[in-house]
Amino acid sequence: MSSTATSTLLRDAALRVTRPRVAVLEALEHHPHADTDAVVRLVREQIGTVSTQAVYDVLRALTAAGLVRRIEPAGSPARFERRVGDNHHHVVCRGCGALADVDCAVGEAPCLSASNARGFVIDEAEVTYWGTCPTCTSRESTTQGDALT
């Protein structure tokens, strides 16, 4: 996404266009599922000096505006992504923590119908699949093969 498009996105969300906001959105465009430390590093690489607190504030504002989604897999720091509004899900590797998007398996958003919504009007479902990524699976196979020889 170009800086012009990013600026338009911010204005359409009624947010001021600032260098840190643009840099955070661009960082997440190229590095989805980044945690805060990674976002701080990426923003500093792009624009130079910026405080960690400023990046936290930008992430909070972008999340509140619906431009960024905060993901919190159990046992992992919060991560952020630009893909919003489609109610997709995630798969997380138990070995290395790699995280990837998974489109809804069936149906319209929210992808799942609760067996008993308890009177709630459900507008989103958050599903996290856990498993082992291909790299860790390959590593485990190699390690097991080495142990047999």
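Just so you know, these numbers come straight off a predicted model, no measurement behind them.

Thoughts on unusual backbone geometry
Of note, the phi angle at Ala14 is positive, near 65°, even though the residue is not glycine. A residue is classified by how much of its surface remains accessible, and Ala14, at 70% relative accessible area, is exposed.

Here we look at the sheet that holds strand β5 (residues 99–102)
Across the sheet, which stays open at both edges, the three strands sit in the order β5-β4-β6 with mixed pairing between neighbours. Across the chains shown, the open sheet's two edge strands, defined by having one partner strand only, are β5 and β6 (128–131). Averaged over all neighbouring strand pairs, the angle between strand axes comes to 25°, with direction disregarded. By the bridge criterion, four bridges tie strand β4 (residues 89–93) to β6 in an arrangement that is parallel.

Concerning the packing of helix α3 (residues 36–47) against helix α4 (residues 52–64)
Think of two packed helices as two axes; the pair is described by the angle between the axes and how far apart they sit. As a packed pair, α3 and α4 sit with axes 10 Å apart at the nearest point and diverge in direction by 110°. Judged by the inter-axis angle, α3 sits roughly perpendicular to α4. Every pair of crossing elements has a handedness; the one defined by α3 and α4 is right-handed. Of α4, the residues touching α3 (which contributes Thr36, Val39, Val40, Val43 and Arg44) are Thr52, Val55, Tyr56 and Leu59. When the residues that make up the contact of α3 with α4 are grouped by side-chain class, the tally is six nonpolar, two polar and one charged.

Details of the sheet that holds strand β2 (residues 69–71)
Pairing within the open sheet is antiparallel, and its three strands lie in the order β1-β3-β2. Because the sheet does not close on itself, it has two edges, and the strands there are β1 (34–35) and β2. Strand direction decides the pairing type here: β2 and strand β3 (residues 79–81), joined by three bridges, are antiparallel. Note that in β3 the partner of Arg70 across the bridge is Phe80.

Structural notes on the environment of Thr6
Secondary-structure assignment places Thr6 in helix α1 (residues 3–12). Take Thr6: its relative accessible area is 0%, and that puts it in the buried class. Between the C-alpha atoms of Thr6 and Val22, which are 16 residues apart in sequence, the distance is 6.3 Å. Those residues in contact with Thr6 that lie beyond four places of it in its chain are Met1, Val22, Leu25 and Glu26.

The rules behind these values
Residues numbered from 1 in each chain as written. Predicted model: local features only at pLDDT ≥ 70, side-chain atom pairs only at ≥ 80, totals over all residues. Heavy atoms only, no water. Buried < 20%, exposed > 50% of the residue type's maximum accessible area, 1.4 Å probe, protein only. Pairing = 2+ DSSP bridges. Helix = DSSP H or I, 4+ residues; strand = E, 2+ residues; numbered from the N terminus. Axes fitted to C-alpha atoms, helices over the stretch in contact; angles between N-to-C directions. Parallel < 35°, antiparallel > 145°, perpendicular 65-115°, else oblique. Left-handed = near helix turned anticlockwise from the far one by under 90°. Contact = heavy atoms within 4.5 Å. Nonpolar A, V, L, I, M, F, W, Y, C, P; charged D, E, K, R; others polar.

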